[in-house]
Every structure is written in structure tokens, then in C-alpha cells.
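Observations on the three-dimensional arrangement
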Amino acid sequence: MLQTFWHRFANCNPFNKNRSAQQEEVQSPTLETIQASLHEEFRGMRKILRKQSLVIEALRTKLDTFSHTSRSGGSNEELMQLASAFFHLGQSLGDQAIISPQRREAVSLFWLQLEQLLDQENIEIIREQGVLFDSRLHRAVLAHEPGAHKSVVVEVLEPGFIEHGKVRKAAKVILGPEKDEQKILEENSL
Amino acid sequence: MKDICCGIDLGTTNSVIARLQGGIPQPIDIEEGQAIVPSVVSFDPEDGRVYFGAQALNRFVAFPAHTVKSVKRLMGKETPLQVGDATYLPEEISAMLLKHLASEASRVLGQTVHKVVITVPAYFDDGQRRATIRAGELAGLEVMRIINEPTAAAFVYDSPAATGEVKEEIILVYDLGGGTFDVSVVQLRGDIKEVLASCGDTALGGDDFDERLKDHFLRHLHEKCGIDLSYDFPLQVRLKDIAERTKIALSTQPFVAVNEVAVAVVNNEPVNLLLEVGRNEFEEMTADLVDKTSRKVLEALDEAKVDVEDIDRIVLVGGSTRIPVVQDMLADLFDQPMEHSVDPDLCVALGAAVQAGIITGEALRHILIDVSAHSLGTRTIDEIDPETGEADYFSTIIRRNTRIPVTRSEVYYTMVPDQKLVDVEVFQGESPSCRDNTLVDSFRFELKPAPMHSPITLEFSYDLQGIVQVTVNQKGYANTKTVAVDLKKPKTAGKQVKGKENEEPVLGDKPINYISQKARQLLQETRIPQDSLAELKTLTCQYEAALLDNEDEERVDELEDRLVELMDTLEEDRGPLG
């Protein structure tokens, strides 16, 4: 039993046929050597455990820093700000009494490119009018008929953003009753 | 599913649930990846669905009769709330919120959250506390303890179970949230804590600071286009957002350029908001708000019958404590370190999680957050050393205990017209006089000809490796210089002579890892013989220095082996740390 135990630690092959009985007798471990060997093995294992703990600690620190940085926002924040700025520019152009078809087309083209860029970063802008109020995507800042069962977004005051499937910021919207929807669509098509 | 115990900060505006993970408190991101959940509940009368958090808040304006906000203010009152056709007691609404937090946390963690510690304001009376316990029970939770919010905040920095120390101290907890302000004086004696005084203002918070900036923008637009736009509702909504963003940016930089496209349309033309806001300007606009809080601090001290000098530590809670002038005010009032490295929006919930861990007997670890060990700043001429006649004012840029990595900047002004250069000296220390602080590095920055009092911004960008990128910029002259300063290797000059080799080793301000942390705990033990303690201190210093200096792996390994062996021997002689 002891020999098997010893062999495990000494990495010897107990089935080595070439080893003579005398040799085995000479190499038979004493209780002290077993204890010393066990002690050494235990020390080694503790050291491995210690090193692993240090690696885990370092990784956790890095992860904390990473999550801290991601919480405080990175370059995507700037991209969202750019999209937001263009949204407001587009709105102000739309507010003007006369906007030429060419200008309207230019704005649409720019939106197309901007949305492609946002899509590459897995960001979706929430800016649609005429859609049903969705409390996940929209924050109502004014409601023409508070308490109306079905309200639609009649105006987007601040666009919202979805990043990697999570709502980073809900769009700030003005709500109207559902019957206004047709009116909005008509206005938009003008 | 395994059962765990969580801490819940059930706030007036927002709530957070947190738990211990590996002995360290962590917030649980339960809503769209966010840990901060608005304390709002909204009912859909058509389908009976109940909405919580951000979704409920989003519905508030659309369904005001079916949405409940700030229910915490009504806790303990017997008057039922009318919500649509139904009525609810305040504790029933709180119960719904608590149930939502616990069930969402269970879903995220894959473990049942059944036992909780809930925080309440220090001023809550017995009835309000009992109502909070009932809310927990109605939610099907086992409320293990109700603790005061300021106590929880103090726990997150220094819980006795984590440090192994039993010390007596008086802490001032300054809590400036979005809409409310509270200040408390708490006495900690080991596990026993007592709120000596608590006062505040339920109508003062970060939103008031935003409002001042918003008014400033409105005045600017009025001057620009000659029309009062305060009636323009969409503009108000937009300016509020811009104001909040500007306020946040002003916490890290001395100037913010506000360039906002088409904030309004006047006479069919877009009106852009283009202006620069200086931190000084913002501080002037909000001085009365900060003064109000300062008066409340003195009131709390008076009520607690303690002096300014009796306060051992200051703990900052609430997002608005990130505003530099708030920290400056407290630094002027107290000559004590400020605890602000843990996210001030989360620290009450994290402290509740620590308390939960203490109750359930979970092993606690001291939170190892990388913070600036000393305040960092530069020398200015605002004060003169009476002995030498030299400039001697230490102007702080990064405060002690600030979580790193961090970037902060300040603005300084030239002394004479066409000033040729400026000596940029980086000091670290806590004294208002540079003479008593340590000079870390210095360099010269050549200036382009400019009038007297021209602004120069100085930015410190402090990374996790202890390197500070010092950037000096002559504003408006495209003249910039950046120098990397290694805080581990300060360049000594004059009186600041580095310790000699045979001098007693001096430990750094914080442990490097859990091994050095354990060694430092052992160094506090009084039962260990002095000679062993001296050996332990030397070895700990050598080990930490080897790690900090990135010495070769073999050397670090050898020192680590020796240190661990010595700690094992000492612990065997003395018994393990309790």
C-alpha cells in the first residue's frame, strides 16, 4: 500500500519488471521521506493555488476596470451624439415651410449612411413617429390625452438608442391619440 | 436554485439590489444591463399588467393616474393611494418593487433571492421601519435586517468583518442625490453603529444644478435671437438633457464647449446653441445650493454634539457628489480623508450587501479598488512661503482616494503679459503647502505671446500603472505639451530626499494583492513578537516593491514564497486571523 502511495508521488512505474527486489528494498521509503515528500507536494499545490488566485484577482481587477469604462461610455457615445445632432438638424429642416425634394433626398441619403454606420456598431436609433407608444422604447414627456389606452408618437423630441439589444436611452416623445396617426403620416408624406 | 442573501437600497427615486460575490459586494444589473432601477410602478388598466423601473417611469406622463412615483415618502402612512380604480397602501407598492427587484435578480443570477437586508433613511421612525419590513414580507422575502442608509454607505468602505479591526470612529455621510439631500453623523464601534444626527432637504439635489445651467442656456438664447424661448416645451426638454451632460463634463474638465445643433426654430431658421461654459461660471451659478448643503452639515454636527475635528472620515453618497465644488466645500470644512472611490450611486446597496454577508457569515474581503493614494496637484503662486518668499500653494487636481484610471483638469492663468514660460511642477500630498508635499516631477512649458491672465489648462490622466500623463495646453494658441510622470519613481528635489537604504522600510498606501493585504493585517497583530513583525514588514515592502517595479518573475516568486512561509509560521504561532 505504502509503495503504491509512494510511487504515485515519485512518478515511478510500479510495473517495471527490470527492477530487482534488492533495489526496491533500498528505495523503500521511510515514514519521514513520505512525510517530507507529502509536505513538498502540499507546498507545491498551495503555490499553484496561490498563483491561480493571483491571476483571478488580476483578471477581476481588469474586468472591473473594463466594466467601469464601459459604464462611463466609450466611443459609441460620440456616435450616438452625432446621430442625435443630425436628427435635430433634420427636424429643423423639416420644420421649414418649403423644403425642396432635393434637400429631402439629401437628408434621407445621409440618414441611410448614418444608420448603416450605427448598424455596424450594433446600435439602433429610435426616432420613428406615428408608431404606437412602447414604454420600453419611448419616454412620454407630454401626452395630449393622458390615460388613452392606445397612444401614438406624434413627435420625437430626443431620439433614443438601443445598443447590443439593450435600451441605452429611451426616446423622449409627445403622445397623441391613435386617430392622429393618419394625420402624421399625411404630414410626413408632404 | 441556490438561495442567496442580497442587500437592497430601496430609494425614493431609484433602487439598487446587490449581493456578495467572492466576498466583494457587486450590484446586480437587472434592467437593460443597468443596476439602477427607477422606484416607479405603473399599472395597465386594460390588461392588468404591472410595469416597474424605467418602463414605469416612461409611462408616468402617459398614464399619471395609474403610475406611482416616490412612494417611499409615504411609507408608514395609513392613507391608501388611489391608483386608477384600485387603492393600495404605500407598503403594498413598495412590496411590488421589492418583489420585482428580488425576482429579476433571481432570474439574472440563476439563484433564488429570498433573504434580504433593506436600507432606510436614518430619519425613518419606528412606524416607517415597520412598514418597510411589512413591505418585504408582503413581497415574500425574509427581511433579515433593516439598516440605515448612511451606515450601509460607511460599511462598504470599512466593514469590521472585512478588516478584522474593531475601531471606534465618527463618520459624516454626505448624500446628495438627484432630488434629495441628506447628511448624517454616524458612530461606528465595531459592529455597533449609531446615527447621532441626520438632517437634509427633500427638495435639493442634482436636478437643481441642471436647472441652473438650463436657465443659463435660455438666457444665452434670449440674447442671441432676442426672443424669450422659455415657453418652447420641446426646447425645455432638450436643454435639460444638454444641461445634465454639461454638468457631468464639468466635473472632469474646466471648460465645456456646448455645440448643439438646431435647439429651436425661429422664423424658419434653426437656432444653434454655441457657447462655452467654465467650471467657475457653473460654480457661481450654483454657489447658493452648495452653501445650503454646507449649512445642513454644520446643523448635523451641532445636533450630534460633535465638532468638525471629531469627524474621522467623510463618505460621499449620491451622483451629485461628483461635482468638484461639493468636494472642495467638504475639504475646506474638514481636514479629513473623503471616501468616494466606490460609485456613489451604488454604495448604499453595496453596503447593504456587506451587511447581508455579515449576517449570513459569508467571508468578506476588503474591497481592493485602485485609488489615488495621495492628492495630486501643482504649485501656484496663490500663497507665498513666508520663509523663502517662493510660491507655495498646492492646487489639487486629483483628490486622494479618487478611483483610477481618472482624468481631471484645471485651469490656471499667466501672471504677466507675453509670459515666456511656466514651470509645471507635479506634487503629491495632502498639505495646502507644497513645501510639505512631495515633488514628483517638473518641466518647463514655453508659452506663445499672449495677454496677461491668459488661461492654461493642466490635465492629469492617471492610469492603473501609476503613470500620470500631464498635458499642459495654452488655450486658443494650439500649444500643447504632454509629459509622462511615473509616481513610483518620483524625481526628488531640494528637501524631498528619498529614504536611505538602511532606514526603516515604509509600506505604500495600499496593498498590491491579497497576499500583501493579508501580510498588512498580520502587521497589525499585537500578539506577534516585534522582531518577527520587523522581518514581516521588510519582506512585505520588498515584495510589494518588486511587484510595483515589475522585477523579474523569479525574484517576485522568491519573495512571495518567503513572505507566505513567514506568514504561515506566524499564524501557526498565533492562531488564524479572526
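See the structure above.
All of these numbers come straight from a predicted model, not from anything done at the bench. (Residues numbered from 1 in each chain as written. Chains lettered and ligands numbered in written order. Predicted model: local features only at pLDDT ≥ 70, side-chain atom pairs only at ≥ 80, totals over all residues. Heavy atoms only, no water.)

It is worth spelling out a nonpolar patch on the surface at this point. Taken together, the side chains of B:Ile381, B:Ile384, B:Met415 and B:Val416 present a nonpolar region at the surface, about 350 Å² in accessible area. Exposure remark for B:Val416: the relative accessible area of 42% places this residue in the partly exposed category. (Patch = residues over 30% accessible without salt bridge, like charges linked within 9 Å, V, L, I, M, F, W, Y side chains within 5 Å. Areas by Shrake-Rupley, 256 points an atom, 1.4 Å probe, with all protein chains shown as cover. Salt bridge = Lys/Arg side-chain N within 4 Å of Asp/Glu carboxyl O. Buried < 20%, exposed > 50% of the residue type's maximum accessible area, 1.4 Å probe, protein only.)

All names here are of chain B. Locating His-66 in the fold gives a position in the loop between helix H1 (53-59) and strand E7 (67-69). According to the relative accessible area criterion, His-66 is buried, its value standing at 16%. When near neighbours in sequence (up to four residues on either side) are disregarded, His-66 contacts Val-41, Ser-42, Phe-43, Pro-45, Val-83 and Gly-84. (Helix = DSSP H or I, 4+ residues; strand = E, 2+ residues; numbered from the N terminus. Contact = heavy atoms within 4.5 Å.)

Below, the discussion takes up the environment of B:Met452. All names here are of chain B. Following the sequence through the fold, Met-452 ends up in the loop between strand E23 (438-446) and strand E24 (455-462). Take Met-452: its relative accessible area is 40%, and that puts it in the partly exposed class. Excluding residues within four positions of it along the chain, Met-452 makes contact with Thr-414, Met-415, Val-416 and Pro-417.

With that settled, the discussion passes to the interface of chain A and chain B. Facing 46 residues of chain A, the contacting portion of chain B comprises 46 residues. Here chain A meets chain B over a buried area of about 4000 Å², counting both sides, of which 51% is carbon and sulfur. Viewed at the interface, chain B and chain A are joined by ten salt bridges. Residue A:Lys169 pairs with B:Asp241 through a salt bridge whose shortest N-O separation is 3.3 Å. (Buried area = accessible area lost by both parts, 1.4 Å probe.)

A word on the sheet that holds strand E5 (residues 166-169) of chain A. Residue and element names in this part refer to chain A. Pairing is antiparallel across the open sheet formed by three strands, whose spatial order is E1-E4-E5. Both edges of this open sheet fall to strand E1 (123-126) and E5, since each of them pairs with a single strand only. Going from strand to strand, the sheet's axes swing by 30° on average, the running direction of each strand aside. Note: E1 against strand E4 (residues 160-163), four bridges, orientation antiparallel. (Pairing = 2+ DSSP bridges. Axes fitted to C-alpha atoms, helices over the stretch in contact; angles between N-to-C directions.)

Residue and element names in this part refer to chain B. Direction of pairing for strand E15 (residues 255-266) relative to strand E16 (residues 269-278): antiparallel, over a ladder of nine bridges. Across the sheet, residue Phe-255 finds its bridge partner in E16, namely Gly-278. Two successive antiparallel strands, E15 and E16, enclose a turn made up of two residues, where Asn-267 displays a positive phi of approximately 50°.

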